[in-house]
Amino acid sequence: MNAVTALKLELRPMQRGDLPRVMEVEPRAYSHPWTVGIFRDCLRVGYSCWVVEAPQVDELIGYGVLSLAVGECHILNLTVRPERQGQGHGRHLLRAFLDKARERGAETAFLEVRPSNTPALALYRSEGFNEVGLRRGYYPAGRGREDALVMARQL
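Since we're looking at a predicted model, the values are computed, not measured.

(A) Representation of the layout of surface pockets in the model. Space inside the largest pocket adds up to approximately 1000 Å³. What lines the largest pocket is a set of 33 residues, among which Y30, L78, N117, A120 and Y124 lie closest to the centre. Of all the secondary-structure elements, those providing two or more residues to the lining of the largest pocket are α2 (19–29), β4 (72–80), α4 (89–103), β5 (108–113), α5 (118–126) and β6 (130–140). No other element matches β4, which puts 6 residues into the lining of the largest pocket. Along the lines of polarity and charge, the residues of the lining of the largest pocket split into 18 nonpolar, 11 polar and 4 charged.

(B) Spotlight on the packing of α2 against helix α3 (residues 36–44). Running from amino to carboxyl end, α2 crosses α3 at an angle of 135°, the nearest separation of the two axes being 10 Å. Classed by the angle they form, the pair α2 and α3 counts as oblique. As α2 runs across α3, the sense of the crossing is right-handed. In contact with L19, V22, M23 and E26 of α2, α3 contributes V36, F39, R40 and L43. The residue inventory of the contact of α2 with α3, partitioned by class, reads 6 nonpolar, no polar and 2 charged.

(C) Highlighting the pattern of salt bridges. One pass over the structure, following the stated rule, counts 17 salt bridges. The closest approach of N and O atoms between E131 and R125, which form a salt bridge, is 2.3 Å. Among the residues examined, E131 registers a relative accessible area of 42% and is labelled partly exposed. One salt-bridge network, in which partners are shared between bridges, spans E24, R28, E59, R81, E83 and R84.

(D) Here's a closer look at the packing of α4 against α5. Between α4 and α5, the least distance of the axes is 11 Å, while the angle of their chain directions is 45°. Accordingly, the angle class assigned to the pair α4 and α5 is oblique. In terms of crossing hand, the pair formed by α4 and α5 is right-handed. Touching G90, R91 and L94 of α4 are L123, Y124 and S126, all from α5.

Conventions we followed
Residues numbered from 1 in each chain as written. Predicted model: local features only at pLDDT ≥ 70, side-chain atom pairs only at ≥ 80, totals over all residues. Heavy atoms only, no water. 1 Å grid on protein atoms, 1.4 Å probe; cavity = no way out; pocket = protein on both sides within 12 Å on 5 of 7 lines; lining within 4 Å. Points joined across faces, edges and corners; volume = space filled by probe spheres on them. Helix = DSSP H or I, 4+ residues; strand = E, 2+ residues; numbered from the N terminus. Nonpolar A, V, L, I, M, F, W, Y, C, P; charged D, E, K, R; others polar. Axes fitted to C-alpha atoms, helices over the stretch in contact; angles between N-to-C directions. Parallel < 35°, antiparallel > 145°, perpendicular 65-115°, else oblique. Left-handed = near helix turned anticlockwise from the far one by under 90°. Contact = heavy atoms within 4.5 Å. Salt bridge = Lys/Arg side-chain N within 4 Å of Asp/Glu carboxyl O. Buried < 20%, exposed > 50% of the residue type's maximum accessible area, 1.4 Å probe, protein only.

In structure tokens, the structure reads:
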């Protein structure tokens, strides 16, 4: 039994009241985290924002943000709290996002990922994403900028 099946997870829409818990995780998960203002803006403009919780232990496991438009979805943020990474939660969240996108009529999913983020890259490849482009200097990095691999898959 993996961690995803051991915990009863609840996927639900993100609300403004979730932002303090999201902001507890975000700076621990990324060297250059999103700000609370970015999450507020995503909620305000109607992006598809989700949280995954384990209610029985009162823990926010992960969260993410999708942009959906005209047959496409763009995964803007997919985060699992650091101490829960490597337990299948990212795969669970990714698959839930792809299901939500399909339900809303998306035919293709896109995302960007740092080439240095080998666990995420392995996850996306194993779920059928392929590299379709490169955005030079897309991410802030410790010294300068890091490129982003653009990945896509059909839904």
